[in-house]
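So you can see what is in the structure, the chains are spelled out below.
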Amino acid sequence: MKIEKNRAFTIIELMVSIFLTITVIASFYKLYEASLKTERTSSIRVSVNLLGEQIMDTLANSMRLIGLNGEIGDLQTSDTAFGILRGTPRGGLGKDHVSFTYLSPYGSPVSKLQEDASGTYPACTFKIFNSAAFHANISKLYIHNQQGIYVTKQIGAPSYSGNNAIVTVESFDKEWSADDGKTCKQRFPAGTLVSGEDFYYALTYTYPKSLKLTYKELDSSGNPTGAENELINFEYDNKANQTFQIPFFVLEFLKESIEGDVESRTWVTTFSAEERNDIVAVRFGFVLLSLKDRVTAKDVNAAPSMSNKYCIFNKNTNNCYELTNPNYTASVFQRVVYLANFRMLEDQVKK
Amino acid sequence: MNKIKAFTLIEVMISIFIFTTSMLGYMAFHAHSMAVIFDNESAQFAHALAFNLVDEINSMSFESFGDMVGDPTSTPQKTALVGTSSQLDSVMTNSKLFGDKFLYSPFNILGAQDSTGSYRFYRAVRADSYANKTQTYAAQGTFLSTLYHVDVSVYWPKKGYPDKNCFADYSEAACNYLSIPLVRSNHKY
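About the cut-offs
- Residues numbered from 1 in each chain as written.
- Chains lettered and ligands numbered in written order.
- Predicted model: local features only at pLDDT ≥ 70, side-chain atom pairs only at ≥ 80, totals over all residues.
- Heavy atoms only, no water.
- Helix = DSSP H or I, 4+ residues; strand = E, 2+ residues; numbered from the N terminus.
- Rg over C-alpha atoms; globule rule 2.2 N^0.38 Å.
- Buried < 20%, exposed > 50% of the residue type's maximum accessible area, 1.4 Å probe, protein only.
- Contact = heavy atoms within 4.5 Å.
- Areas by Shrake-Rupley, 256 points an atom, 1.4 Å probe, with all protein chains shown as cover.
- Lys, Arg positive; Asp, Glu negative; His and termini not counted.
- Charge placed at Lys NZ, Arg CZ, Asp CG, Glu CD.
- Domains from an automatic or database assignment.
- Buried area = accessible area lost by both parts, 1.4 Å probe.
- Salt bridge = Lys/Arg side-chain N within 4 Å of Asp/Glu carboxyl O.
- Pairing = 2+ DSSP bridges.
- Axes fitted to C-alpha atoms, helices over the stretch in contact; angles between N-to-C directions.
- Polar contact = N/O pair within 3.5 Å; in protein donor to acceptor, adjacent residues only side chain to side chain.
- Core = buried A, V, L, I, M, F, W, Y, C linked by side-chain atoms within 4.5 Å.
- Disulfide = S-S within 2.5 Å.
- Parallel < 35°, antiparallel > 145°, perpendicular 65-115°, else oblique.
- Left-handed = near helix turned anticlockwise from the far one by under 90°.
- Nonpolar A, V, L, I, M, F, W, Y, C, P; charged D, E, K, R; others polar.

Draft legend 1. Representation of the overall build of chain A within the structure. A tally of regular secondary structure across chain A gives three helices and 21 strands. Taken against the 2.2 N^0.38 rule, which gives 20 Å for 351 residues, the C-alpha radius of gyration of chain A at 30 Å runs more than 25% over that of a compact globule. Expressed as lengths along the three principal axes of its C-alpha atoms, the size of chain A is roughly 125 × 55 × 40 Å. When the 351 residues of chain A are sorted by exposure, 46% land in the buried category. A sequence separation of at least 24 residues applies to 69% of the contacts in chain A between residues at least 6 apart. With the model as given, the accessible surface of chain A reaches about 17500 Å², and the carbon-plus-sulfur share is 51%. Counting 36 positive and 38 negative side-chain charges, chain A places the averaged centre of each group 9 Å from the other.

Draft legend 2. Spatial organisation of the overall build of chain B. Along chain B, the regular secondary structure elements total four helices and four strands. Each helix and strand of chain B, ordered N terminal to C terminal, gives the series α-α-β-α-β-α-β-β. Going through the 189 residues of chain B one by one, you find that 44% of them count as buried. Across chain B, contacts joining residues at least 24 apart in sequence account for 61% of those joining residues at least 6 apart. When the accessible surface of chain B is totalled, it reaches about 9700 Å², and 61% of it is carbon and sulfur.

Draft legend 3. Summary view of the domain arrangement of chain A. Residue and element names in this part refer to chain A. Each assigned domain of chain A is listed with its residue range as follows: domain 1 (46-104 + 203-350) and domain 2 (110-195). The gap between the C-alpha centroids of domain 1 and domain 2 is 34 Å. Among the residues domain 1 hides against domain 2, the three largest losses belong to L68, N69 and E71. Together they make up 88% of the total. The tally of links between domain 1 and domain 2 comes to one salt bridge. Two residues, E71 and K174, come together in a salt bridge whose shortest N-O distance is 2.8 Å.

Draft legend 4. Broad picture of the sheet that holds strand β9 (residues 159-161) of chain A. All names here are of chain A. Spatially, four strands are ordered β5-β6-β10-β9 in an open sheet, and the strand pairing comes out antiparallel. Of all strands in the sheet, those with a lone pairing partner are β5 (118-120) and β9, marking the two edges. Mean inter-strand twist for the sheet, computed between neighbouring axes without regard to direction, equals 20 degrees.

Draft legend 5. Representation of the interface of chain B and chain A. Every contact between the two is made by 47 residues of chain B and, on the other side, 50 residues of chain A. For the pair chain B and chain A, the summed buried surface comes to about 4200 Å²; carbon and sulfur atoms form 58% of the total. It is S59, K101 and L110 of chain B that lose the most area in chain B upon contact with chain A, and together they represent 16% of the buried surface on that side. For the pair chain B and chain A, the interface holds two salt bridges. Seen at the junction of chain B and chain A, the total is 11 residue pairs in polar contact (both at pLDDT 80 or more).

Draft legend 6. Examining the nonpolar core more closely. Within the largest apolar cluster, 50 residues are counted, with the highest numbers of intra-cluster contacts made by I57, M68 and M92 of chain B. Top element by residues in this core is helix α1 (residues 9-58) of chain B. It accounts for seven residues. Residue contacts for M92 of chain B: discarding those within four places in its chain leaves L53, I57, M68, L97, F98, F102 and V125 of chain B. Listed in part, the 41 residues of the second largest apolar core include I55, F100, F271 and I279 of chain A.

Draft legend 7. Seen up close, the state of the cysteines. Within this structure, the stated rule accounts for three disulfides over all chains. Shown here is the disulfide that connects C311 of chain A with C320 of chain A, its sulfur atoms set 2.0 Å apart. Taking the torsion about the S-S bond as the criterion, the C311 of chain A to C320 of chain A disulfide, at about 110 degrees, is right-handed. Owing to a relative accessible area of 4%, C320 of chain A belongs among the buried residues under this scheme. Paired through a disulfide, C166 of chain B and C175 of chain B show a sulfur-sulfur distance of 2.1 Å. Because the torsion about its S-S bond is -85 degrees, the bridge between C166 of chain B and C175 of chain B counts as left-handed. Among the residues examined, C166 of chain B registers a relative accessible area of 0% and is labelled buried. Of the residues examined, C175 of chain B reaches a relative accessible area of 2% and is grouped as buried. Looking at chain A, its bonded cysteines, counted consecutively from the start of the sequence, adopt the pairing 1-2, 3-4.

Draft legend 8. Main features of the side chain of D114 of chain B. All names here are of chain B. Locating D114 in the fold gives a position in the loop between α3 (95-98) and β2 (122-129). No salt bridge is formed by the buried D114. Its closest oppositely charged neighbour is R120, at 6.6 Å. Only 3.1 Å separates the side chain of D114 from the backbone nitrogen of T116, close enough to count as a polar contact. Setting aside residues no more than four positions away along its own chain, D114 makes contact with P106, F107, N108 and R120.

Draft legend 9. Just the sheet that holds strand β3 (residues 147-157) of chain B, in detail. Residues and elements named next belong to chain B. Read from one edge to the other, the open sheet built from four strands follows the order β1-β2-β3-β4, with strand pairing classed as antiparallel. At either margin of the open sheet sits one strand with a lone partner, and together these are β1 (87-88) and β4 (175-185). Relative to β3, β2 is paired through eight bridges, and the arrangement is antiparallel. Counted as the bridge partner of V125 is V152 from β3. Here α1 sits on the sheet and contacts β2, β3 and β4; the angle it forms with β4, its principal contact strand, is near 20 degrees.

Draft legend 10. Looking closely at the packing of helix α1 (residues 11-64) of chain A against α1 of chain B. At a minimum axis separation of 11 Å, α1 of chain A and α1 of chain B run at an interaxial angle of 15 degrees. Considering their axes alone, α1 of chain A and α1 of chain B lie roughly parallel with respect to each other. Our pair here, α1 of chain A against α1 of chain B, has a crossing hand that is left-handed. Residue classes in the contact of α1 of chain A with α1 of chain B are distributed as 16 nonpolar, eight polar and six charged.

Draft legend 11. Structural detail: the environment of I11 of chain A. Residues and elements named next belong to chain A. Here I11 shows up in helix α1. On the accessibility criterion, I11 (59% relative accessible area) is exposed. I11 sits 208 residues away from D219 along the chain, and the two C-alpha atoms are 92 Å apart.

Draft legend 12. Fine view of the pairing of strand β16 (residues 244-259) of chain A. All names here are of chain A. Extensive coverage of β16 is indicated by the burial of 13 of its 16 residues. Where strand β2 (residues 92-94) meets β16, three bridges bridge the pair, whose relative direction is antiparallel. From the neighbouring strand, G94 faces β16, where its bridge partner is F249. Sheet topology note: the β16/strand β17 (residues 262-268) ladder contains seven bridges and is antiparallel. Across the sheet, the residue bridging to K255 is T266, located in β17.

This is the structure we're talking about:
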């Protein structure tokens, strides 16, 4: 008798294999879910970090150039409508409205002469290392030589040759008598620092959701004029498509003072007109918050695994930002900016 | 005889075992990715800590900077960092240097001073004369002789080592480290 060898799975075998398959698929699903969550978390974190760095760099770079085009006279006035640091600054420790206005050539070219200047003074021709900021609408240049800063009269559009911008100047609004009799070449050798004009910058933070950095041009008297241009306009007004918020912003100034022989430095949130020349650094920081859902609903009520207080230059954790919704992603950004150019001017004044 | 043969249970189990093993590899990769994200964020924060202190040191007056690094030639010698090994930034807690709001380490990644929590960032400083550092001869009274080299360092643990004090007990396997150098003079020229 022939035995039928065409044997199929038994019900037990099927049940075991189905059980194993379901178990494996369930664990893969968990893995897949975790991967999605990770991808989302990391993508939110990357965007928070990129945006935060971008805001921080824009603020820091504009402040770092404070005083580059300045002269001693700028520090000798107590009128807060003039000078390099203007108005009455208002710093803050996180939950305060903040305002700070200052002059900075940020946005103008900062470059140097590639060759000695040519021509017969005051009609000099400059061959300048080009920079992206060297556009056709630049109206005047600041040329920094050993004696001081020469300020050109209105200049025409530069011509471009290779990696150079070539500018011809008819004469200067500001020049230095100590150089009398010298040629263009003697006054402005290769390597001389060249910068563009100052702008009037205004930093404002309106607690808890608006951060702005704007700039204006200056007229011939040094007053801000013309349209207000925005470098940062960060406003959270709770619209459905808005993701990021800055709920905490710190701004402080490092004031250096000398009483008798005792020198001290302290971080302050404001300073008077008389104290302007004692400021040597600025520090700022903020918490950037992404309101995109980061975790699954059931995790929302989970106890936080670590502190959720975000602190900026602060010893007292009661004055930190507390993230109450673990569904959101927050990150701290902070930077100290040494005002090297401003400090050099201060040293000259104090000397 | 008809020889149609299906998979046996053993075959199914072996294939599931192989598949699961390969997925375990993927899970390890996943865990590694999380560690990389954590390390990137930590490195960004550590850089901010280091650069902030560099700018704070740069913003000191020549006299205060001189006080901080010390003048090996002065008698008696001032409080000095020169020639010492790395010291925690708490050594700079001096109202004359940075005011009463100077924050010293350790910090947590949220920016708060935190000496007990996990993943602590320690910041340290070390100074030496520029001549010593570069093994060059600098005659007294020259500008070169007034230059100092300061290293600002930050130590922090890698993912998976939350309680490690990387300043006191540094190990390459468990810790990250970065150092930012700066050179400046203690005299006004």
